[in-house]
Amino acid sequence: MGACVARFRAIVINKGEGGQSTTLSDFDENDLMEGDVTFRVEWSAVNYKDGLAVTGKAPVVRRFPMIGGIDAAGTVETSNHPEWKAGDKVILNGWGCGETHLGGYGEKMRCKGDWLVPLPETITAREAMAIGTAGYTAMLAVLALESYGITPDQGPVVVTGASGGVGSVAVAILAKLGHEVIASTGRPQEEGYLKELGAAQVIARQELTGPVRPLGKERWGAGIDSVGSTTLANVLSMTRYGGGVAACGLAGGMDLPTSVAPFILRGIGLLGVDSVMCPQHLRRKAWRRLESDLDRRKLAKMTDEIGLADVIDAGRRILEGAVRGRLVVRIG
Ligand code: NDP
């Protein structure tokens, strides 16, 4: 009788007759979804997919009402999961959060303990979200190239969408690992920023958006692509014999107008990267490697902080390609 109901502020996405709407509202803790761990969210982030979700530009959200936010970092409050106890610091990326499971843009989350990753000892919760899904995906892409056998002596690595979240983190990690990085961007004004992150050379996005030849001049030994479409097709056609390209995004489109030529005549590998359902052992490996291979001063340079109330506008801006680097969200 009269039990105290906790409510918290959250970015809530609803669907009505007029379509999808997103507001900063109160959310009832009793309406959290099932899970064996409840944690207090301290930081979240804005990724491209969050932009799609909060604006409704693509049907990312498949349950209503939804709390947006594919990323969260915070502190466990209660747990029935053997690995977690109250007070543990945790990171959550993906697993459908912000899509099919209530996400990180609110002060509380409840989820399966199996989804959580421990916050690495030397990374703060804020830094973990400055990295966020975009940064952890960049690390997965680097791991994919390494598993394929790519080493710095095989030539430069091209990074597309370089001023964005995945791109910025990829540039910084690759540079720290000793790769020569070619950053491709549609924002020439960010040349200085990209060179500070470690790019040796900055090229114009237009160099990769023209007509795709089956095989182009061999320009790089490997690539990390967050753009897709013609850009990825051109990256493949310009990759040196035996190289590998990690595909992780679709900021320029979901199609891939390529031919089999790069694969059958140059033995190039196209390596798919998925962060959402990525198995635990690989997630933990990626977070361990982020701890050692991402320069924290560079991370700070690429990060801007916003509050929960700014998330909806930030979601619009990221889809316009107007966000540089990463946006971390202070919760509460
Ligand atoms: P951002 O918006 O931060 O970065 C995308 C960058 O791509 C932009 O900054 C811009 O870089 C470039 N870009 C944007 N629009 C276009 C366009 N029309 N043509 C060419 N280039 C364009 O997003 P994120 O870094 O968060 O995500 C990047 C992509 O990776 C998204 O498609 C996202 O969905 C995907 N992704 C996939 C994941 C997975 O699990 N596979 C996980 C995380 C992200 P610049 O101005 O420098 O050219």
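Scope of this entry: the structure provided in the associated data block. Position numbers for residues start from 1 in each chain and track the written sequence from start to end. Local features are withheld for residues below a pLDDT of 70 in this predicted model, meaning they are given only at 70 or higher, and side-chain atom pairs are given and counted only at 80 or more; totals for whole chains, interfaces and linings count all residues. The basis for every side-chain value is the complete set of non-hydrogen atoms in the structure, without hydrogens or water.

**Description of helix 9 (residues 311-319)**
Cut-off, in case you're wondering: Three labels apply to residues, based on accessible area from a 1.4 Å probe with only protein chains included: buried if under 20% of the type maximum, exposed if over 50%, partly exposed otherwise in between. The helix count covers DSSP runs of H or I at least four residues long, the strand count covers runs of E at least two residues long, and both are numbered beginning at the N terminus. The arc refers to the directions leading from the helix axis to the C-beta atoms.
Considered for burial, the residues of helix 9 that qualify are Val311, Ile312, Ala314, Gly315 and Ile318. For helix 9, the arc enclosing every buried residue in end-on projection is 160°, short of the 170-degree limit, so these residues lie on one face. Just downstream of helix 9 lies Gly321, where phi reads positive at about 70°.

**Some remarks on the environment of Gln20**
Applicable threshold: Note on contacts: a residue pair is in contact if any heavy atoms of the two residues lie within 4.5 Å. Two N or O atoms form a polar contact when they lie within 3.5 Å of each other; inside protein one atom must be a possible hydrogen donor and the other a possible acceptor, and for residues adjacent in sequence the pair counts only when both atoms belong to side chains.
Tracing the sequence through the fold places Gln20 in strand 2 (residues 19-28). Considered as a pair, Gln20 and Val54 are 34 residues apart in the sequence and their alpha carbons are 8.7 Å apart. Ignoring sequence-local partners within four residues, the contact set of Gln20 consists of Ile13, Asn14, Lys15, Ala53, Gly56, Val61 and Phe64. Among the polar contacts made by the side chain of Gln20, one reaches the main-chain carbonyl oxygen of Ala53 at a distance of 2.7 Å.

**Looking at unusual backbone geometry**
The omega torsion across Phe64 and Pro65 is -10°, close enough to zero to call that bond cis. A positive phi angle, near 60°, is found at Trp95, a position not held by glycine. Along the chain, Trp95 turns up in the loop between strand 6 (89-93) and strand 7 (108-111). You will see that Ser229, though not glycine, has its phi angle at about 50°, which is positive. In this structure, Ser229 sits in helix 5 (residues 229-237). When its relative accessible area of 7% is taken as the criterion, Ser229 is described as buried.

**Some points on the pairing of strand 3 (residues 37-46)**
Threshold: Think of it this way: DSSP has to see at least two bridges between two strands before they count as a pair.
The element strand 3 is largely enclosed, with a buried count of 9 among its 10 residues. The pairing of strand 3 with strand 5 (residues 71-79) spans 6 bridges and is antiparallel. By the bridge assignment, Val41 is partnered in strand 5 with Gly74. Of the pairings in the sheet, the one linking strand 3 to strand 7 comprises 4 bridges and is antiparallel in character. Opposite Val37, over in strand 7, you have Cys111 as the bridge partner. Judged from the 4 bridges that link them, strand 3 and strand 16 (residues 326-330) form a sheet pairing that is antiparallel. Paired with Ser44 across the two strands is Val329, which belongs to strand 16.

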